[in-house]
Amino acid sequence: MNSETQLFDSREMRLEKSGAAGGCVQLVYISRAVRSENDSSLSDILGVARGYNAERGITGVLCFAYGRYLQVLEGPSREVNALYLRIGRDKRHEGVRLMKFTEVQTRCFGLWSMRMIRFDEQSGGEARALVRFNGFGGFEPELWSGEECLVFLRDMARVLPERG
Ligand SMILES: Cc1cc2nc3c(=O)[nH]c(=O)nc-3n(C[C@H](O)[C@H](O)[C@H](O)COP(=O)(O)O)c2cc1C
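It should be emphasised that the depicted structure is a prediction, and the values quoted were computed from it without experimental measurement.

**Student:** Would you mind going over the site of the ligand with me for this structure?
**Tutor:** In the vicinity of the ligand lie 15 residues, with Ala49, Tyr52, Tyr69, Ile87 and Asp90 positioned nearest. Looking at the shell around the ligand, the elements with two or more residues in it are helix 1 (39-56), strand 5 (68-76) and helix 2 (77-88). Per element, the largest residue contribution to the shell around the ligand is 5 residues, and it comes from helix 1. Considering only residue class, the shell around the ligand consists of 9 nonpolar, 3 polar and 3 charged.

What follows is the structure in structure tokens.
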């Protein structure tokens, strides 16, 4: 453990660092679910994620739609990198591709140790409309830039009601 301390402004979630090592980073990746994920495996992932992330100052959003994942992780560089390696080894998904990795001063998703956003054929009317509204033709994160992935997650997290 080093002496790095992090303080969060409750309104803006501005990350302030004291101590030398490791700023706050933002990492975005995409992947494909190996089997069509059901509610219980998603809630398994989420249950583990929320506990692990909260202990390590990691926040973010996990979007699952049409068999694909799009996730953003924010937090101390060391912790985010370690988690990304664990996630990359997880057999529940494949084709893990890094879309964005940057150092940031301010968290975009600081309210959630891991928020889940999920949509599909059954639940997707509202989300599909939003995707079109936001200028994304459909949910095709593999065709987007890293920045577009991030904008998408930010818009969805802002507009969609929180469920569970
Ligand atoms: C799409 C996806 C996203 C995940 N996101 C997280 C996460 O944010 N935090 C976390 O601790 N685990 C997450 N996991 C679970 C990890 O991959 C891993 O199973 C968990 O950290 C337990 O690690 P272990 O099996 O090495 O003990 C995710 C898994 C998948 C498939």
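**Student:** Help me out: how do you make sense of the sheet that holds strand 6 (residues 93-104) in this one?
**Tutor:** Picture the strands of a sheet paired through backbone hydrogen bonds; they go either parallel or antiparallel. Read across the open sheet, the 5 strands follow the order 6-3-5-4-7; overall the sheet is mixed. Among the strands making up the open sheet, the edge pair consists of strand 6 and strand 7 (115-119). Each strand axis lies, on average, 15° off the axis of its neighbour in the sheet, ignoring direction. Both strand 3 (residues 24-33) and strand 6 contribute to a ladder of 9 bridges, which runs antiparallel. Within strand 6, the position partnered with Leu27 by the bridge is Phe101.

**Student:** What is the right way to read helix 2 from this model?
**Tutor:** The α-helix advances 3.6 residues per turn, and as a result positions three or four apart in sequence lie on the same side. Here helix 2 contains 12 residues, and its C-alpha end-to-end distance of 16 Å stays within 8% of the 16 Å for a straight helix at 1.5 Å per residue. Listing the buried residues of helix 2 in full gives Glu79, Val80 and Ile87. When helix 2 is viewed along its axis, its buried side chains cluster within an angular range of 95° and face the same direction. Opposite the packed face of helix 2, turned more than 90 degrees from it, sit the exposed residues Leu85 and Gly88.

**Student:** Explanation requested: the nonpolar core in the structure shown.
**Tutor:** A general trend in soluble globular proteins is that nonpolar side chains are found buried together. Counting residues in each nonpolar core, the largest one holds 30 residues, and the members touching the most others are Val28, Cys63, Val72, Cys149 and Leu153. Taken together, the elements giving at least two residues each to this core come down to strand 3, helix 1, strand 4 (59-65), strand 5 and helix 4 (146-159). The dominant element in this core, judged by the number of residues it contributes, is strand 3, at 6 residues. Among residues more than four places away in sequence, those in contact with Cys63 are Tyr69, Leu70, Gln71, Ile117, Leu153 and Met156.

**Student:** Got a minute to help me understand the environment of Thr106 in this structure?
**Tutor:** Structurally, Thr106 can be placed in the loop between strand 6 and strand 7. A residue is classified by how many C-beta atoms lie within 10 Å of it, and Thr106, with 13 of them, is partly exposed. Sequence separation of Thr106 and Glu74 is 32 residues, and the distance between their C-alpha atoms is 9.6 Å.

Calculation notes
- Residues numbered from 1 in each chain as written.
- Predicted model: local features only at pLDDT ≥ 70, side-chain atom pairs only at ≥ 80, totals over all residues.
- Near = placed C-beta within 6 Å.
- Helix = DSSP H or I, 4+ residues; strand = E, 2+ residues; numbered from the N terminus.
- Nonpolar A, V, L, I, M, F, W, Y, C, P; charged D, E, K, R; others polar.
- Pairing = 2+ DSSP bridges.
- Axes fitted to C-alpha atoms, helices over the stretch in contact; angles between N-to-C directions.
- Expected span 1.5 Å × (residues − 1).
- Buried ≥ 20, exposed ≤ 12 C-beta atoms within 10 Å, placed from the backbone.
- Arc of directions from axis to C-beta.
- Core = buried A, V, L, I, M, F, W, Y, C linked by C-beta atoms within 7 Å.
- Contact = placed C-beta atoms within 7 Å.

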